[in-house]
Structure formats: structure tokens, C-alpha cells
Amino acid sequence: MAADDPQRNFRSAYYEKMGFRGVEEKKSLEILLKDDPLDVEKLGTFSQRFPLPSVHRILVWKVLLGILPPHHSSHALVTGYRKDQYKDLLHAVQLIHFVQDTTPQIEVYLRMYQLESGRLPGKTSNPLEHEDEVFLAIAKSVEEMVGCDVDCYWLIKCFVNQFSNKYGDSVPHLPKSLEHYLNVEDSTLHAHLKALGALDKLPYELWFQKCFAGCLPDSSLQRVWDKIVSGSCKILVFVAMEILLIFKMKLMAMHKSEDITHFLENIPKDNTDAIVSKAIDLWHKHCGTPMPSI
């Protein structure tokens, strides 16, 4: 079919208007998921270009994060290994009394992760490290997305590890990136925030370390994390920027940096899908759209 086929363009526009924007994309993904072995690079490119359908999201995340291998024939075997590893870790932290029956599940995941990574503290009463607080925030969001405890633990662990290993050097530069792009998109808002000293006090930990966990509802957060899992932490900059842009009038009316920070830490949750959609458009505008490999 020709790239400029008017019938296809009309159909795509109709789908989008009627709220079925992902119909053709879903079909494309289902074709990719039939490949054996799965093409990890193509799945990553698809996830960068389009939102993942919820029915396939967890499978794609597992493959991109290395929880499952590309070969379909190995999935059942590796899933069994993952379940056994989970049971062994859980039994170990129970045996040394680091978790009880009443311990919240996300704290159980944390103790298992600490044990596995050699970071288990001397006693349970030790205060949590900063990275543990980040882990718990991400764990809470993943727990709300995923029903299975085994899947939940592996997704949390691999997401946290990937973010730290792959993006650890980039994260400290994201605030400057945000400042740059905000000045390009809205110099008036940028100047206002700068004059109040608010740019240094934005909730960067919530945005760029916790990856908006606890800030955005799951339906919106998943679409942001699609991009992180598939290879880009810069999407975080554009979600932050769109939050600033969409609440511009409120922010312009504030004259204390503390008020701005407090508001941004507790944004209304009723318009976040639109925020993420516009943020993804801005991300593609400034960073380009990944093209599928031939």
C-alpha cells in the first residue's frame, strides 16, 4: 500500500477521532509478538513510537527488561525459574525475620531486593536509604498495575536496576534539560519561575528519580514508563514540562516558590492522560521519532 494512500489516511484519522487511535498499531504489535525469536530492537522501537496496548504491555516490558528471553519456547521454563528464585528469596527474608505476615507487600519486595543485591541492613529498625524510598514508590505503582506477586517483584527489580544502570549518569542533567526546553516553549513561564527561584525547587526527586510514581495515576504512568522501559529517560523532562505548561495560569498567579513546589507535588489527577499525550508529542517534536529498522 502506498505511503500516501488517502484511504488509509482517512481510516487512521477516523480511528483517532472515534477514540480508536491504536487499532492499527495493536495489529502491528501482535505481528511483532508472533516473531520467534522476538526482535527486542523492533519491540523497543514500537514502544518508543506508540503506546503499548494494555493487554500486551506486561509481556513487552518483561522482554525489554530481560525478565523473559526472546525465544517463545523458553518462556515457560524461565517463568518457572523466576518463580523459584522469588520463593527462595521470600523464604530467606522470612527465615531471618526481616518480614512478618503483617509486613506490607512492597516492603517485602524491598527486603528481598536488598538481600539479593547485598544491601540488607543490620536490623529492620535501621532508617531507609534514599534509594530504598525510591524503590518503595516505584513498587507501590507497579503493585497497582500487576496482579501477580512474582511478576510484580521482577518488574520492580528490573525497572529499578535498568533505570539506575542505564540512566544513572543522565538523571542529574534532566533539570537543566527541563529548564532549556521550557525556555524554548514558554519563555514567560520560565522567566517567572526563575525570578522566584522556583526552578531549583521543583519536585525533581518525584519526577526524575521516582519517575512520577505517586504523581500520575496508573493509566497515565504506564504510558510514560513504556518509553523508559524501551530506552528513553528524557520523556520525564517533557512530562514535567507539560505539567508546567498545562498549569501555567495557576503557577503564574503564585509568588512563593514553596507554594509552587507544593502544588506540583499534588497536581490534580483528572487531566493526566492529556498531559502525557501532549508530553509525548513534545518529546517527539524535540527529540525525533525513532524509525523502525528494516
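Residues numbered from 1 in each chain as written. Predicted model: local features only at pLDDT ≥ 70, side-chain atom pairs only at ≥ 80, totals over all residues. Heavy atoms only, no water.

### Things to note about the pattern of salt bridges
Move 1: Applying the stated criterion across every chain yields a total of 11 salt bridges.
Move 2: Between Asp-226 and Arg-57 there is a salt bridge, with the nearest N and O atoms lying 2.9 Å from each other. Of this pair, Asp-226 sits in helix 12 (residues 218-229) while Arg-57 sits in helix 4 (residues 54-64), and the two are 169 residues apart along the sequence.
Move 3: Residue Lys-140 pairs with Glu-144 through a salt bridge whose shortest N-O separation is 3.2 Å. Pair noted here: Lys-140 and Glu-144 are both in helix 7 (residues 130-145), with a separation of four residues, about one helical turn.
Move 4: Residue classification places Lys-140 among the partly exposed positions, given a relative accessible area of 45%.
Move 5: Each member of the salt-bridge network shares a partner with another, and the members are Arg-119, Glu-131 and Asp-132. (Salt bridge = Lys/Arg side-chain N within 4 Å of Asp/Glu carboxyl O. Helix = DSSP H or I, 4+ residues; strand = E, 2+ residues; numbered from the N terminus. Buried < 20%, exposed > 50% of the residue type's maximum accessible area, 1.4 Å probe, protein only.)

### Details of the environment of Leu-199
Move 1: Tracing the backbone shows Leu-199 in the loop between helix 10 (187-195) and helix 11 (204-209).
Move 2: In sequence terms Leu-199 and Thr-261 are 62 residues apart; their C-alpha atoms lie 9.4 Å from each other.
Move 3: What Leu-199 contacts, discounting residues up to four positions off in sequence, is Glu-179, His-190, Leu-193, Lys-194 and Tyr-204. (Contact = heavy atoms within 4.5 Å.)

### Regarding the confidence of the model for the protein
Move 1: A residue-level look at the protein finds 90% of positions with pLDDT of 70 or above and a mean pLDDT of 90.
Move 2: This stretch, residues 1-20, has a pLDDT under 50; its non-local contacts, to residues over four places away or in other chains, come to 11 contacts. (pLDDT = per-residue confidence, 0-100.)

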